[in-house]
There are 2 protein chains.
Amino acid sequence: MDISVVENVLKLNDEIAVQNRERFKQAGVFVVDLMGAPGCGKTSLIEKTIERLSSYISIGVIAGDLATQRDARRMARFTDHVVQVNTGKTCHLEANHVQRAIQNMDLGMLDLLFIENVGNLICPVGFDLGQNVKVGMFNVAGGDDKAAKHPYIVCECDLLVLNQIDLLSHVLFDLKLFRDDVRILKPDARLMELSSTSGAGMDEWIDWLLVQAPAIRQSAHTATI
Amino acid sequence: MDISVVENVLKLNDEIAVQNRERFKQAGVFVVDLMGAPGCGKTSLIEKTIERLSSYISIGVIAGDLATQRDARRMARFTDHVVQVNTGKTCHLEANHVQRAIQNMDLGMLDLLFIENVGNLICPVGFDLGQNVKVGMFNVAGGDDKAAKHPYIVCECDLLVLNQIDLLSHVLFDLKLFRDDVRILKPDARLMELSSTSGAGMDEWIDWLLVQAPAIRQSAHTATI
């Protein structure tokens, strides 16, 4: 009985995710589900990305948190297209949260939409939101063992980001161990090492977004970045 | 239908937690459920606590992670009483995990048992494990907004720990904001600010453990700490 109910929840989620994906496709918006532990720097990375790209493309954000509108307020300094989702006690976003959020957004205005998931390395991975790509984020201050301890996010994501590489000289973090753990779990994993604070590695991240998203590329290439 | 199944899961968890609590009581062991985000320093705090107290009392650890035995291996350098629980994709420990773990421990040998929960600020809070106290841990590198964003753990815990205060001069962290957020959510919250790395504030933590745990106090006071 338990199992069938769990399956129904996931089945319903997947049905709504399909609807979301269709809406995103029709609107021509490229959607990134950004997942990572609390404090790994998801909001900062999105802020810096908008700063870098906002002259060329239109970027929206759905920010997921249990409570508060702090992330939405932070990002509203950089874009008008921000919706905060407060999940209460739910530790991840589900497709229906996103479905409701985009009712308050003019998707046709957007080239790129970040869904900043609830800070959690585990459950968000299991829920399709209708995104184009899933990005899993780790951070140097979080410790070099976090990839090995969280194989599901490593294996399921299209891209992995290691943030805070500016802290490598200040924190005990075995970069080779971290990289090896990622390779063992997923030999073809794409791992990007950057610092949203210092800007190191950010060019690669921006380039990746531009390559992944035809709509972005199209808009962006009309200007010169 | 969904709701009744969820209630059954929690009811079953609570029944097993009652059994765990009875076993802990009979064995005379004081049990701390330590919860916090990945990388906030749970394992380090336990290591340093064992270093400080191991001459006087016997301390065991149940370490919860999705995968790997890395935490257990780290802590096995300090105590023989370590059991690793790998939860697979489950984002929190449940009472039945603890029940199985203690089948492999000689509880009668222990004065203090740490249950290091899966790194997650959300779901672990909802599951009684049979512990005596719940401790919720934050860290400076995780950002000053994490208490406000996670009201459930703030309100449910017997003690809150802010770790990494040695980083306050290196990281943008508004300590007054963090403290105010905690007070607003829980006016009588006990908040302990410490660094397991520098040792600052550790005396207060050790004293708190000794006051909370009559069994520990009894054993410890036979020696002079």
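Preceding block: the structure.
Since we're looking at a predicted model, the values are computed, not measured.

### A short note on the interface of chain A and chain B
Thinking step 1. Tallying the contact residues gives 33 residues for chain A and 33 residues for chain B.
Thinking step 2. Contact between chain A and chain B buries roughly 2,700 Å² in total, counting both sides, with carbon and sulfur atoms accounting for 66%.
Thinking step 3. Among the residues of chain A in contact with chain B, A:Arg70, A:Ile122 and A:Lys149 are the three that bury the most area, contributing 23% of the side total.
Thinking step 4. Taken together, chain A and chain B are joined by six salt bridges.
Thinking step 5. A salt bridge links A:Lys149 to B:Asp65; the nearest nitrogen and oxygen atoms lie 3.6 Å apart.
Thinking step 6. There are four residue pairs in polar contact (both at pLDDT 80 or more) connecting chain A and chain B.
Thinking step 7. Broken down by secondary-structure element, the contributors of at least two residues to the side of chain A that touches chain B are α1 (2-27), α3 (70-75), α5 (146-149), α6 (151-156) and α7 (175-185) of chain A.

### A closer look at the sheet that holds strand β7 (residues 191-193) of chain B
All names here are of chain B.
Thinking step 1. Pairing is parallel in the open sheet, where seven strands are placed in the order β3-β2-β4-β1-β5-β6-β7. The sheet is open, and its two borders are formed by β3 (82-86) and β7, each paired with just one other strand. Across the sheet, the axes of successive neighbouring strands diverge by a mean angle of 20 degrees, strand direction being ignored.
Thinking step 2. Note that strand β2 (residues 59-65) and β3 share five bridges and pair parallel. Bridge pairing links Gly-64 to Val-85 in β3.

### Some thoughts on the sheet that holds strand β6 (residues 159-163) of chain A
All names here are of chain A.
Thinking step 1. In spatial order, the strands read β3-β2-β4-β1-β5-β6-β7; together these seven strands make up an open sheet with parallel pairing. Unpaired on one side and paired on the other, β3 (82-86) and β7 (191-193) mark the two borders of the sheet. The mean angle between the axes of side-by-side strands here comes to 20 degrees, regardless of whether they run parallel or antiparallel.
Thinking step 2. Examined bridge by bridge, strand β1 (residues 30-36) and strand β4 (residues 112-116) share five bridges and lie parallel to one another. Across the sheet, Phe-30 pairs through a bridge with Leu-112, a residue of β4.
Thinking step 3. Relative to the sheet, α7 contacts β5 (133-139), β6 and β7, its axis offset from that of β7 by approximately 160 degrees.

### As for the pattern of salt bridges
Pairs can form between side chains of opposite charge once their charged atoms are near each other.
All names here are of chain B.
Thinking step 1. Under the defined criterion, the tally for this structure stands at 24 salt bridges over all chains.
Thinking step 2. The partner of Arg-74 in a salt bridge is Glu-47, and the shortest N-O contact between them spans 3.1 Å. Here Arg-74 is found in helix α3 (residues 70-75), whereas its partner Glu-47 is found in helix α2 (residues 42-53), with 27 residues between them in sequence.
Thinking step 3. For Arg-74, a relative accessible area of 28% puts it in the partly exposed group.
Thinking step 4. The buried category is assigned to Glu-47, whose relative accessible area is 7%.
Thinking step 5. Among the ionic pairs, Glu-204 bridges to Arg-190, the shortest N-O distance being 3.4 Å.

### A few points about the packing of aromatic side chains
Here the distance between the centres and the angle between the planes together describe a pair of aromatic rings.
Thinking step 1. For the structure on display, the rule yields eight aromatic pairs over all chains.
Thinking step 2. On the basis of an interplanar angle of 15 degrees and a centroid distance of 6.0 Å, the ring pair of A:Trp205 and A:Trp208 is categorised as stacked. Residue A:Trp205 and its partner A:Trp208 are located together in helix α8 (residues 202-212), separated by three residues, close to a single helical turn. Neither residue differs from the other here; A:Trp205 and A:Trp208 are each classed as buried.
Thinking step 3. Ring geometry for B:Phe114 versus B:Trp205: centroids 6.3 Å apart, planes at 25 degrees, classification stacked. Of this pair, B:Phe114 sits in strand β4 (residues 112-116) while B:Trp205 is found in helix α8 (residues 202-212), placing the two residues 91 residues apart along the sequence. Taken as a pair, B:Phe114 and B:Trp205 share a single burial class, namely buried.
Thinking step 4. Grouped by ring-pair contacts, the aromatic residues A:Phe114, A:Trp205 and A:Trp208 constitute a single cluster.
Thinking step 5. Just above the ring of A:Tyr152 sits the side chain of B:Lys89; from NZ or CZ to the centre is 3.9 Å.

Parameters at a glance
Residues numbered from 1 in each chain as written. Chains lettered and ligands numbered in written order. Predicted model: local features only at pLDDT ≥ 70, side-chain atom pairs only at ≥ 80, totals over all residues. Heavy atoms only, no water. Contact = heavy atoms within 4.5 Å. Buried area = accessible area lost by both parts, 1.4 Å probe. Salt bridge = Lys/Arg side-chain N within 4 Å of Asp/Glu carboxyl O. Polar contact = N/O pair within 3.5 Å; in protein donor to acceptor, adjacent residues only side chain to side chain. Helix = DSSP H or I, 4+ residues; strand = E, 2+ residues; numbered from the N terminus. Pairing = 2+ DSSP bridges. Axes fitted to C-alpha atoms, helices over the stretch in contact; angles between N-to-C directions. Buried < 20%, exposed > 50% of the residue type's maximum accessible area, 1.4 Å probe, protein only. Phe/Tyr/Trp six-rings, centres within 6.5 Å; stacked < 30°, edge-to-face > 60°. Lys NZ or Arg CZ within 6 Å of the ring centre and 35° of its normal.

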